[in-house]
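Listed below, chain by chain, are the residues.
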Amino acid sequence: MRAVISAKDIEDLLAKGGDLKGLPADAILTPSAKDLLRDLVRRGHGTAGTSPNPSGQATISTPPAKPLSSKSPKSELDSFFNSPYCRNLKEQICDIGRRLWQRAYVDGNGGNIAIRAGEDIALCTPTLVSKGFMKPGDMCLVDFEGNQFCGAKNRTSEILMHLQIMKRQLRAVATVHCHPPYSTGFAVAGLVPPTCMIPEYEVFASVGVAPYRTPGTPEMGKLVADLTDKHNTILMANHGVVSWSHNNVEDAYFKMEILEAYCRTILVSTQLGVPPKTMTPAQLQDLLKIKQSLGIPDPRHGLRECELCDNEEWRPGVTCAIAPKAEPAVGLDPEAEAAVQAITDQIMAKLT
Ligand SMILES: [Zn+2]
């Protein structure tokens, strides 16, 4: 079987001092892996003190030598909060906030972003600030209960939801919440977008729907967190979307772009007067293999092909053709069966 190589595999290889020439010649490269390789070739494998990422930007890869937690002395938390490493994280949050605002995924002071910064602490956005115009100095450092340690502004009121996701998913390094109109339209309608239509969506997003609760309440956070074992992007009914990533904050943001573009495209395709075409279950299965190799959760991992692409809400009449279970062979009496058949034949003969 050919190996599937992701961008993360390549980053891990380089982080361990490996050589790209060691990659299997017949390996299947994911689209982001190809992009990363092109970028690496162009930039000569990055420079000392930095590590490449798929966006082509260099990141400062020097986290604190001793992992921080809510139990760390305040002086250590302060010094981390004012360090170049933390400054870089703050700038990443500002950058993502600007992109959310520019794409009209947030409105007013809506939306919030968080990055895991230690065992049980996170850096997050402030309340009452437009996500399009944040500065690094606006950010807040909180523990996983929402208690704020550092930052001149008050942390977002919706932080509990982000923290509950991080508590539930130890791999979650970043979370993004916003209100993109097309996706939120699906959330208001209570509809999970149909599947088997666009590869990007199938590979990178796993969408679930959480019921409505008052924003910022622990109950809302729990309902979302409960879905994160199998989903990385949650439609929050009558509210918006929240996503988490095991890679970085930009990856969590990408899920918003992918979901929003998908919901928009689905709406267009349903207005064209012909039923939308879909990929086959076998084609979807190939995409799910890539998804699994990237470490992205999906409730369909492990399902049989016949159980995939079952969009009944959008394609009435299409159902999963699961083969009926074979009748148990034991217990059948051949003589009784023959008698029943003979009687059936007689009745049929009289009717015709
Ligand atoms: Zn919100």
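Everything here concerns the structure above.
This one's a predicted model, so the numbers in the text were calculated from it and none came from an experiment.

Side note on helix α6 (residues 181-189)
Among all positions of α6, only Ser-183, Thr-184, Phe-186 and Ala-187 are buried. All buried residues of α6 fall inside an arc of 150° around its axis, so they share one side. Close packing links the buried residues of α6 with β11 (233-236), β12 (240-245) and α9 (249-269). Of the residues trailing α6, Gly-190 is marked for its positive phi of about 70°.

Some thoughts on unusual backbone geometry
Non-glycine residue Cys-196 carries a positive phi angle of around 65°. Note on placement: Cys-196 falls in the loop between α6 and α7 (199-204). Among the residues examined, Cys-196 registers a relative accessible area of 0% and is labelled buried. One non-glycine residue, Asn-238, lies in positive phi territory at about 55°. With respect to the helices and strands, Asn-238 occurs in the loop between β11 and β12.

Quick notes on the coordination of the zinc ion
Within the first shell, the zinc ion binds the protein through His-177 (NE2), His-179 (NE2) and His-239 (NE2), at distances of 2.1 to 2.3 Å. Residue His-179 is classed as buried on the basis of its relative accessible area of 16%.

Considerations on a nonpolar patch on the surface
On the surface, Val-268, Leu-272 and Val-274 cluster together into a nonpolar patch covering about 280 Å² of accessible area. Locating Val-268 in the fold gives a position in helix α9.

What to know about the packing of aromatic side chains
If you walk through the whole model with that rule in mind, you get four aromatic pairs. With a centroid separation of 4.8 Å and an interplanar angle of 70°, the aromatic rings of Trp-101 and Phe-133 are classed as edge-to-face. Highlighted residues: Trp-101 in helix α4 (residues 84-102) and Phe-133 in the loop between β6 (121-124) and β7 (140-143), separated in sequence by 32 residues. The class for Trp-101 is partly exposed, based on a relative accessible area of 39%.

Considering the nonpolar core
Judged by nonpolar contacts, the single largest core of 54 residues is most densely connected at Leu-100, Ile-113, Leu-123, Leu-141, Val-176 and Leu-284. Looking at this core, the element that brings in the most residues is α9, giving nine residues. When neighbours within four sequence positions are excluded, Ile-113 is seen to be in contact with Ile-93, Ile-96, Gly-97, Leu-100, Leu-123, Cys-124, Thr-125, Met-134, His-162, Thr-175, Val-176 and Val-249. Ile-159, Met-161, Ile-165 and Met-166 belong to the second-largest nonpolar core, a separate cluster that totals 19 residues.

Points about the environment of Leu-191
Of note, Leu-191 is situated in the loop between α6 and α7. Residue class for Leu-191 comes out partly exposed when judged on its relative accessible area of 24%. Counting along the chain gives 17 residues from Leu-191 to Gly-208, while the straight-line C-alpha distance between them is 9.4 Å.

A closer look at the sheet that holds strand β10 (residues 207-210)
What the eight strands build is an open sheet, ordered β8-β7-β6-β5-β9-β12-β11-β10; its pairing is mixed. Edge positions in the open sheet fall to β8 (148-150) and β10, since each of these has one partner strand only. Taking each pair of neighbouring strands and ignoring which way they run, the sheet shows an average axis angle of 25°. Across three bridges, the pairing between strand β5 (residues 112-116) and β6 is antiparallel.

Thoughts on the packing of helix α5 (residues 159-168) against helix α8 (residues 218-225)
Relative orientation of the contacting elements α5 and α8 amounts to 40°, with a least axis distance of 8 Å. On the basis of their axis angle, the class for α5 and α8 is oblique. Remark: the crossing between α5 and α8 carries right-handed chirality. Across from Leu-160, Met-161, Gln-164, Ile-165 and Arg-168 in α5, the residues of α8 making contact are Pro-218, Gly-221, Lys-222, Val-224 and Ala-225. Looking at the contact of α5 with α8 residue by residue, the class counts come to six nonpolar, two polar and two charged.

Rules and cut-offs
Every residue gets a number counted from 1 within its own chain, in the order that chain's sequence is written. For this predicted model, a pLDDT threshold of at least 70 governs which residues receive local features, and a threshold of 80 or more governs which side-chain atom pairs are given and counted, while totals over whole chains, interfaces and linings are taken from all residues. Heavy atoms from the whole structure form the basis of all side-chain values; hydrogens and water molecules are not counted. With a 1.4 Å probe rolled over the protein chains alone, any residue whose accessible area is under 20% of its type maximum counts as buried; one over 50% counts as exposed, and the rest are partly exposed. Working definition: helices are DSSP H or I runs of at least four residues, strands are E runs of at least two. Numbering for both runs from the N terminus. To be clear, the arc concerns the directions from the helix axis to the C-beta atoms. In this analysis, two residues are considered to be in contact whenever any of their non-hydrogen atoms come within 4.5 Å of each other. Counted as coordinating are nitrogen, oxygen and sulfur atoms within 2.8 Å of the metal, or 3.2 Å for Na, K and Ca, while water is not included, which may make sites look incomplete. A patch is a set of surface residues, each over 30% in relative accessible area and not in a salt bridge, joined within 9 Å for like charges and within 5 Å for the nonpolar side chains Val, Leu, Ile, Met, Phe, Trp and Tyr. Each accessible area value is a Shrake-Rupley result obtained with a 1.4 Å probe; residue values ignore everything except the protein chains displayed when judging cover. One speaks of a salt bridge when a side-chain nitrogen belonging to Lys or Arg is within 4 Å of a carboxyl oxygen belonging to Asp or Glu. Each aromatic pair joins two rings of Phe, Tyr and Trp (for Trp, the six-membered one) with centres within 6.5 Å, and gets the label stacked for planes under 30 degrees apart, edge-to-face for over 60, and tilted for any other angle. For the purposes of this section, nonpolar cores are sets of buried Ala, Val, Leu, Ile, Met, Phe, Trp, Tyr and Cys residues that join through side-chain atoms within 4.5 Å. Note on pairing: DSSP must find at least two bridges between two strands before they are called paired. As a rule, the C-alpha atoms of each element are fitted with a line to give its axis, helices using only the stretch in contact, and angles between N-to-C directions run from 0 to 180 degrees. When an angle is under 35 degrees it counts as roughly parallel; over 145 it counts as roughly antiparallel; between 65 and 115 it counts as roughly perpendicular; any other value is oblique. The handedness criterion is simple: a crossing whose near helix is rotated anticlockwise from the far helix by less than a right angle is left-handed, and one whose near helix is rotated clockwise is right-handed. Note on residue classes: Ala, Val, Leu, Ile, Met, Phe, Trp, Tyr, Cys and Pro are nonpolar, Asp, Glu, Lys and Arg are charged, and everything else, Gly too, is polar.

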